[in-house]
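What the coordinates show
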Amino acid sequence: MRPAYLFLGPMALLLLVGCSCVLSTSNESLHTFVGCAVREFTFVAKKPGCRGLRITTDACWGRCETWEKPILEPPYIEAYHRVCTYNETKQVTVKLPNCAPGVDPFYTYPVAVRCDCGACSTATTECETI
């Protein structure tokens, strides 16, 4: 099983494969959690000509069922790969501090509303495996 790295808009998130559940915040539950949930995530919003702004938002996090099995006919493998991904998002806009004259100070980023296990969609994410 390979972790999947998904990039959604300006946020780079490490999202492991998962399914739909509610996630508690204790560290112990994060180590044993199997599923896909909305979880708090902090990043620094940056734009050329402005100072960075630390933002705490909601992102998808978790693990989903993933498997592969060999078969006798091409392509010689049957695969089922799902990743914890955004099912519903909303857009939030903030104003970055100390922007140079002529630089648009507004920065828009996605906020996870609901997360589910699903195929990695290149329409909304940059799908990359290691």
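With an unreviewed UniProt entry as reference, the chain is termed Glycoprotein hormone beta-5, source organism Loxodonta africana. Looking at the Subunit (unreviewed entry) heading of the UniProt record, one finds this comment for the chain: "Heterodimer with GPHA2; this heterodimer interacts with thyroid-stimulating hormone receptor (TSHR), and hence stimulates cAMP production." On record in UniProt, under Subcellular location (unreviewed entry), the comment for the chain is "Secreted".

**Here's the deal with the environment of threonine 93**
Tracing the chain through its elements places threonine 93 in strand β7 (residues 83-95). The partly exposed category is assigned to threonine 93, whose relative accessible area is 46%. In this structure, the C-alpha to C-alpha distance between threonine 93 and tyrosine 109, residues 16 residues apart in sequence, is 6.5 Å. Filtering out sequence-adjacent residues up to four positions away, threonine 93 remains in contact with Phe106, Tyr107 and Thr108. Side chain to side chain, threonine 93 and threonine 108 meet in a polar contact 2.8 Å long.

**Things to note about the pairing of strand β5 (residues 66-70)**
Across five bridges, the pairing between β5 and strand β6 (residues 77-81) is antiparallel. Opposite threonine 66, over in β6, you have histidine 81 as the bridge partner. Hairpin connection, β5 to β6: the antiparallel pair is bridged by six residues, and tyrosine 76 has positive phi, about 70 degrees.

**Looking at the pattern of salt bridges**
With the rule as written, the count across this model stands at four salt bridges. Measuring nitrogen to oxygen at the nearest pair gives 3.6 Å for the salt bridge that ties lysine 69 to glutamate 78. Notably, a salt bridge pairs glutamate 88 with arginine 114, separated by 3.9 Å at the nearest N-O pair. Of the two residues, glutamate 88 is situated in strand β7 and arginine 114 in strand β8 (residues 106-118); the sequence distance between them amounts to 26 residues. Given a relative accessible area of 42%, arginine 114 falls into the partly exposed group. Salt bridges sharing common partners tie together Glu88, Arg114 and Asp116.

Basis of the calculations
Residues numbered from 1 in each chain as written. Predicted model: local features only at pLDDT ≥ 70, side-chain atom pairs only at ≥ 80, totals over all residues. Heavy atoms only, no water. UniProt positions renumbered as here; feature names shortened; annotations may be inferred. Helix = DSSP H or I, 4+ residues; strand = E, 2+ residues; numbered from the N terminus. Buried < 20%, exposed > 50% of the residue type's maximum accessible area, 1.4 Å probe, protein only. Contact = heavy atoms within 4.5 Å. Polar contact = N/O pair within 3.5 Å; in protein donor to acceptor, adjacent residues only side chain to side chain. Pairing = 2+ DSSP bridges. Salt bridge = Lys/Arg side-chain N within 4 Å of Asp/Glu carboxyl O.

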